[in-house]
Amino acid sequence: MPSRVLVLAGVLLLAGCVSTGSTGAPIATPAPASTTAPMGGAPAVQPPLRWPVRTVPHVDLWLHAFAMLSDDSAAVPLYRRGYRDSITVIKNQRNLLTALDGNRETLARGLRRNGYLDAQFLPFGFANWDEMRATIEQFLQLNGDVRRAPTRDVAMRLAPLAAVFATAADREWLRLFLTGVEDEGVRFLMPEHQKLLRERAATITAVDSLWQQVYRTKFERFLNNTSQRQGDLVLSLPMGGEGRTGAGYTGRTMVAVTYPARPADAAEVMFVFAHEATGALVGPAVHDNTTPAEERAGVAARYVSSGQVQAGAMLLAKLAPELLPGYQRYYLRQAGQRLAGESRAGTDTAFNATFPLPTSIRDALAKQIDIVLSGI
């Protein structure tokens with residue numbers, strides 16, 4: 001959740017979606033539900049894979065379009081640092097201009113004015129791009145009036161769009177954005193996916209192995225006690241240190257995290273997952289320990305951003321302390337900080353200075369994480 005390159009790097013960024021189908025199947029194929037039974041016995045049943053690692057092409061496409069329009073100046077950027085510039089370089093080399101590029105100024109102006117932050121979570125509710133596009137088109141045909149939907153189920157499907165794009169001006173922005181996203185996908189992003197699927201095989205294997213064989217079980221108690229027993233871990237090209245978390249079309253939690261460039265960087269997925277897994281704890285801790293004046297002045301919002309980074313570090317200190325130094329260095333890089341050395345004391349100092357929190361909020365977060373882990 002938003003709590004948020006070199007030409008070669010840009011090419012690597014685009015090597016993202018490994019699912020060969022539009023539904024974003026798990027990259028690690030689960031064992032069949034049943035296998036040959038022992039003589040005289042019942043068939044052995046293989047339980048479903050919990051928190052499979054997946055790629056979901058239409059999630060990448062939608063977030064990519066937002067990344068290309070955003071002026072990403074947050075302390076921890078909403079998208080992978082340098083993403084938009086790297087993609088622009090590639091498209092310029094190909095002399096490629098899509099409808100998203102052609103309407104960029106108009107769309108970016110509307111985005112700056114209205115935010116549409118919640119719109120970034122919309123693709124989680126759809127199985128593929130065709131389904132999402134058809135739903136948006138139906139919403140636009142109804143002029144946003146979900147009461148005119150033909151069935152209650154359709155009205156429920158349209159409701160999230162109506163919540164974000166409530167006015168005629170909002171819907172006109174959405175209409176132009178949809179045209180841009182469709183053209184961007186057809187002429188640029190999806191062909192790149194298809195071409196580069198094979199080039200991330202080693203990275204995918206490394207991430208899946210590290211998650212399923214090592215760290216999923218370490219996170220299990222926290223996930224179970226925060227009602228996140230089942231979910232989908234989605235590798236997403238545009239994502240950096242700020243992931244996105246929402247309810248998925250499968251009925252399970254969907255967490256979109258960074259898509260590492262190399263197998264050696266597979267642990268970055270664990271870093272962003274820790275950041276996202278603790279995100280729901282941060283808002284209440286900040287609200288309970290700030291004044292209305294601080295909220296009006298934007299101080300509370302800054303504490304939320306720092307709090308999400310700090311909460312992920314607190315969780316890792318409890319569950320996987322071996323990841324903590326890497327987590328701290330990763331988020332320092334995300335914030336544009338350069339470390340002079342690799343000493344633990346220096347990293348701690350730089351981390352706490354870059355993501356400052358009042359003691360009251362820090363203590364509240366630590367207490368909540370302890371409560372969750374103890375099962376209270």
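Residues numbered from 1 in each chain as written. Predicted model: local features only at pLDDT ≥ 70, side-chain atom pairs only at ≥ 80, totals over all residues. Heavy atoms only, no water.

Draft legend 1. Up close: the packing of helix α11 (residues 279–288) against helix α13 (residues 299–319). Where α11 meets α13, the closest approach of the two axes is 9 Å, and the angle between their N-to-C directions is 140°. The pairing of α11 with α13 is recorded here as oblique in orientation. Crossing hand, α11 versus α13: right-handed. Contacts between α11 and α13 involve Gly 279, Val 282 and Val 286 on the former and, on the latter, Ala 300, Tyr 303, Val 304, Gly 307, Gln 308 and Ala 311. (Axes fitted to C-alpha atoms, helices over the stretch in contact; angles between N-to-C directions. Helix = DSSP H or I, 4+ residues; strand = E, 2+ residues; numbered from the N terminus. Parallel < 35°, antiparallel > 145°, perpendicular 65-115°, else oblique. Left-handed = near helix turned anticlockwise from the far one by under 90°. Contact = heavy atoms within 4.5 Å.)

Draft legend 2. Expanded view of the sheet that holds strand β4 (residues 253–258). Across the sheet, which stays open at both edges, the four strands sit in the order β1-β2-β4-β3 with mixed pairing between neighbours. Each edge of the open sheet is held by one strand with a lone partner, namely β1 (53–54) and β3 (244–247). (Pairing = 2+ DSSP bridges.)

Draft legend 3. How the structure looks around the pairing of β4. When you tally the buried positions in β4, you get six out of six residues, the bulk of the element. Relative to β4, strand β2 (residues 231–236) runs parallel, the two being bridged by six bridges. Within the sheet, the bridge partner assigned to Gly 231 lies in β4 and is Thr 253. Between β3 and the antiparallel strand that follows it, β4, lie five residues; Gly 251 among them carries a positive phi value of about 90°. (Buried < 20%, exposed > 50% of the residue type's maximum accessible area, 1.4 Å probe, protein only.)

Draft legend 4. View of the pairing of β3. As paired strands, β3 and β4 are joined by four bridges and run antiparallel to one another. Opposite Thr 245, over in β4, you have Val 255 as the bridge partner.

Draft legend 5. View of the pattern of salt bridges. Per the stated rule, a full pass over the model turns up 19 salt bridges. Between Lys 91 and Asp 101 there is a salt bridge, with its nearest N and O atoms 2.7 Å apart. Taken together, the residues span a long stretch of sequence, with Lys 91 in helix α3 (residues 83–93) and Asp 101 in helix α4 (residues 99–102) at a distance of 10 residues. The class of Lys 91 is buried, set by a relative accessible area of 2%. The partner of Asp 370 in a salt bridge is Lys 318, with the nearest N and O atoms 3.0 Å apart. Of the two residues, Asp 370 sits in helix α16 (residues 359–374) while Lys 318 sits in helix α13, which places them 52 residues apart along the sequence. Under the relative-accessibility criterion, Asp 370 is labelled partly exposed at 35%. Because the salt bridges share partners, they merge into one network encompassing Arg 50, Arg 216 and Glu 220. (Salt bridge = Lys/Arg side-chain N within 4 Å of Asp/Glu carboxyl O.)

Draft legend 6. The nonpolar core, seen in detail. Core analysis: the largest hydrophobic core is formed by 55 residues, its most contacted members being Trp 211, Phe 219, Phe 273, Tyr 327, Tyr 331 and Leu 365. Broken down by secondary-structure element, the contributors of at least two residues to this core are α9 (201–225), β2, β4, α10 (267–277), α11, α13, α14 (324–334) and α16. For this core, the element with the most residues is α13, which contributes 10 residues. Counting 49 residues, the second largest nonpolar core, distinct from the first, contains Ala 67, Tyr 83, Leu 100 and Phe 124. (Core = buried A, V, L, I, M, F, W, Y, C linked by side-chain atoms within 4.5 Å.)

Draft legend 7. Inspection of unusual backbone geometry at higher detail. Phi is positive for Asn 143, close to 55°, though the residue is something other than glycine. Within the element layout of this structure, Asn 143 appears in the loop between α6 (129–141) and α7 (152–164). Backbone geometry places Ser 227, a non-glycine residue, at a positive phi of 60°. Within the secondary structure, Ser 227 sits in the loop between α9 and β2. Under the relative-accessibility criterion, Ser 227 is labelled exposed at 69%.

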